[in-house]
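Overview (structure and organization)
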Amino acid sequence: MIENDAQLSAADPTWRTAPLAATLLGLPLLVWEYFMYGDDSYVSAPEVLLYGGLVLLAIAWVLPRRRSARMLRVTAAVAGFVCAILPVLFLVWLAMIWPSG
């Protein structure tokens, strides 16, 4: 038997670190994007990122609080944050390449 088997099934004392950090950084962006893109009658690409980011952040919070689920929780939190930041980065990129002349 591997020594880490007992440790992986134990409760993770720092389970909320990744979801909390991603939520604190990504949720204001998701709310802003919802008010910016969420009122259309059709589903656009920013809305897919918006709803995907919300779902991934929710998944990061509801995953089991065991050490074996730590990497999945971190992956869901980071993916949710990336979904929140991509439309903002796209707008910044468009502002940089837009001709100002």
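Residues numbered from 1 in each chain as written. Predicted model: local features only at pLDDT ≥ 70, side-chain atom pairs only at ≥ 80, totals over all residues. Heavy atoms only, no water.

Scanning the chain from terminus to terminus reveals 4 helices and 0 strands. Counted from the first residue to the last, the chain has its helices and strands arranged as α-α-α-α. The buried share of the chain, reckoned over its 101 residues, is 27%. Within the chain, counting contacts between residues at least 6 apart in sequence, those at least 24 apart form 73% of the total. (Helix = DSSP H or I, 4+ residues; strand = E, 2+ residues; numbered from the N terminus. Buried < 20%, exposed > 50% of the residue type's maximum accessible area, 1.4 Å probe, protein only. Contact = heavy atoms within 4.5 Å.)

Turning next to a nonpolar patch on the surface. On the surface, Leu27, Val31, Tyr34, Phe35, Tyr51 and Leu54 cluster together into a nonpolar patch covering about 570 Å² of accessible area. Sorting the residues of the nonpolar patch by element identifies α2 (17-37) and α3 (45-62) as the ones contributing at least two each. (Patch = residues over 30% accessible without salt bridge, like charges linked within 9 Å, V, L, I, M, F, W, Y side chains within 5 Å. Areas by Shrake-Rupley, 256 points an atom, 1.4 Å probe, with all protein chains shown as cover. Salt bridge = Lys/Arg side-chain N within 4 Å of Asp/Glu carboxyl O.)

A few words on α3. Counted at 1.5 Å a residue, the expected span for α3 with its 18 residues is 26 Å, and the 26 Å between its end C-alpha atoms agrees. Taken as a whole, α3 has its buried residues at Glu47, Leu50, Gly53, Leu57 and Ala60. The buried residues of α3 all sit within an arc of 160 degrees when viewed along its axis, so they share a single face. In α3, the exposed positions that point more than 90 degrees away from the buried face belong to Ala45, Val48 and Val62. Check the buried side of α3 and you find it contacts α2 and α4 (70-97). (Expected span 1.5 Å × (residues − 1). Arc of directions from axis to C-beta.)

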